Amino acid sequence: MSMGFYIALAILAIFVSVLLTIGLNQVPRVLRVLIRVDVQNDFCPGGNLPVPEGNLIVAIINKLSRLGKQWGFYDLVVDTQDSHPEDHGSFFTQHPGLAAFTETFLSGIKQMLWTVHCVVNTWGWQFHPDLDRSMVDKTVPKGQRKEVDSYSGFYDNGRNASEELKKQYPFLGQSTGLAEYIIAEAQKRGAEEIIIDVCGLAFRFCVSYTAKDARSLTYKGKQPRVRVIIDATKPISFAAGDVEAEIEALKALGIEIVTSENVLTEMEPRPYPYPYMH
Ligand code: VGL
Ligand code: ZN
């Protein structure tokens, strides 16, 4: 081959890469986050606050997380971990005369009383042994302060308390740091938009609270897109219809309900452009 041919080839290569660079930069960058809520022994059958079939979602969550990270679909995989002291105020044992699964008030906030669960350093606090944690970017403990419960991975249950109540109990509404972490990562990567997928245990409590707080964030003047992966969560249900009602409440906030199948389909590598972009 002549020298001219190679020069032409080199010019063509530069031309193509310039076009690709321009093209790719026009694809709005998205930060995609998977939050895996409280996939801990105590929330699975055999644990102290078991969610029926809680163990069955572990394989689905593993698949979503492994493929999601492998394909570059998820930028961040986050685990939340319910982490209580043994005298946490959400435990019925701290309220003589009251039974588990009845309601009372804790620091002025409505509180469902639970069986003793997720006490730091116990077996029940540990993640389910089959949960693949190899790709996890951040683990977020929550619920350490005994005076307030913390269902969401973002803020404790006092976040939306009245100013009066917050004056009385100044610790209410504290951040776990997860919101600040996600926003900093989005800025660092030059993302225009954040999409947060939520799965884990339990629907109607920690999963729903986490999805609602995720939806309440603001990044570049916009709320994140938030989706609950409905077959990758299991509910604590107290009455017929409460799960359906919760789904409607989430939808009313603009939170999407999707299946793991939907998400896995989105993950499939696309032929173009290269490298793979969301
Ligand atoms: C949870 C009740 C108490 C949950 C945590 O992970 O849904 N529920 N603590
Ligand atoms: Zn708890």
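Note that residues are indexed from 1 along each chain, following the sequence as it is written. As they are written, the chains are lettered A onward and the ligands numbered 1 onward, keeping that order. Only residues with pLDDT of at least 70 get local features here, since the model is predicted, and only at 80 or more are side-chain atom pairs given and counted; chain-wide, interface and lining totals rely on the full set of residues.

J.: Which residues make up the sheet that holds strand β2 (residues 76-82), and what values do they have?
T.: Pairing between the strands of a sheet comes from backbone hydrogen bonds, and it takes one of two forms, parallel or antiparallel. Two strands qualify as a pair provided DSSP detects at least 2 bridges between them. Under the DSSP-based scheme used, a helix requires at least four consecutive residues in state H or I and a strand at least two consecutive residues in state E, with every element numbered from the N terminus. Ordered in space as β5-β2-β1-β6-β7-β8, the six strands form an open sheet in which the pairing is parallel. Looking along the sheet, the strands with just one partner apiece sit at the ends: β5 (138-142) and β8 (256-258). Within this sheet the neighbouring strands show an average axis-to-axis angle of 25°, counted without direction. When strand β1 (residues 30-37) meets β2, the two strands line up parallel, connected through five bridges. Looking across to β2, one finds that Val37 is bridged to Thr80. Lying over the sheet, helix α4 (residues 178-188) contacts β1, β2, β5 and β6 (193-203), oriented at roughly 155° with respect to β1. Helix axes are fitted only over the stretch in contact, all axes being lines through C-alpha atoms; the angle between N-to-C directions runs from 0 to 180 degrees. By definition, residue pairs are in contact when their C-beta atoms, positioned from the backbone, come within 7 Å.

J.: For the pairing of β1, give the residues involved together with the corresponding values.
T.: The buried fraction of β1 is high, at seven of eight residues. Taken together, the eight bridges between β1 and β6 define a ladder with parallel strand orientation. Across the sheet, the residue bridging to Leu31 is Ile194, located in β6. Orienting the strands away from the viewer, one traces the path from the first strand over the helix to the second; a clockwise path indicates a right-handed crossover. A crossover links β1 with its parallel partner β2, the connecting element being helix α2 (residues 58-70), and its sense is right-handed. Here a residue counts as buried when 20 or more other C-beta atoms sit within 10 Å of its C-beta, as exposed when there are 12 or fewer, and as partly exposed otherwise, the C-beta atoms being derived from the backbone.

J.: Before we move on, can you summarise the pairing of strand β7 (residues 225-235) with the specific residues and values?
T.: Of all 11 residues in β7, nine are buried; the element is thus mostly enclosed. Examined bridge by bridge, β6 and β7 share seven bridges and lie parallel to one another. Counterpart to Ile195 in the pairing with β7 is Arg225. Handedness of the crossover is the feature at issue here: the chain leaves β6, passes through helix α5 (residues 206-215), returns alongside β7, and the resulting connection is right-handed. Pairing analysis gives three bridges linking β7 to β8, with the strands arranged parallel. Along β8, the bridge assignment pairs Ile229 with Val258. Viewed along the sheet, the connection from β7 through helix α6 (residues 242-252) into β8 turns out right-handed.

J.: Go over unusual backbone geometry, please, and point to the residues and values.
T.: The amide bond that connects Leu201 to the next residue, Ala202, takes the cis arrangement and shows omega of -10°. By the secondary structure assignment, Ala202 is in strand β6. Phi angles above zero are rare outside glycine, and Asp38 is one such case at about 45°. Mapping Asp38 onto the fold places it in the loop between β1 and α2. Classification of Asp38 by C-beta neighbours within 10 Å gives buried; the count is 29. A positive phi angle, near 50°, is found at Cys118, a position not held by glycine. By the C-beta count within 10 Å, which is 26 here, Cys118 ends up buried.

J.: I'd like a rundown of the site of ligand 1, residues and numbers included.
T.: Put plainly, near means the residue's C-beta atom, positioned from the backbone, lies within 6 Å of the molecule or strand in question. Around ligand 1, the neighbouring residues are Asp38, Phe43, Asp82, Trp114, Tyr151, Leu201, Ala202, Phe205 and Cys206. The class makeup of the residues in the shell around ligand 1 is seven nonpolar, no polar and two charged. Throughout this entry, Asp, Glu, Lys and Arg are counted as charged residues, while Ala, Val, Leu, Ile, Met, Phe, Trp, Tyr, Cys and Pro are counted as nonpolar. The remaining residues, Gly among them, count as polar.

J.: Give me the lowdown on the nonpolar core, citing residues and values where you can.
T.: Think of a nonpolar core as buried Ala, Val, Leu, Ile, Met, Phe, Trp, Tyr and Cys residues, each tied to the set through C-beta atoms within 7 Å. Grouped together as the largest cluster of nonpolar side chains are 54 residues, with contacts concentrated most on Val33, Val198, Ala202 and Val207. Listing elements by their share of this core, those giving two or more residues are β1, α2, β2, α4, β6, α5 and β7. If one sorts the elements of this core by residue count, β6 sits on top with seven residues. Filtering out sequence-adjacent residues up to four positions away, Val33 remains in contact with Tyr74, Asp75, Leu76, Val78, Ile182, Ile194, Ile196 and Asp197.

Geometric descriptors of this kind do not, in isolation, establish any biological role.
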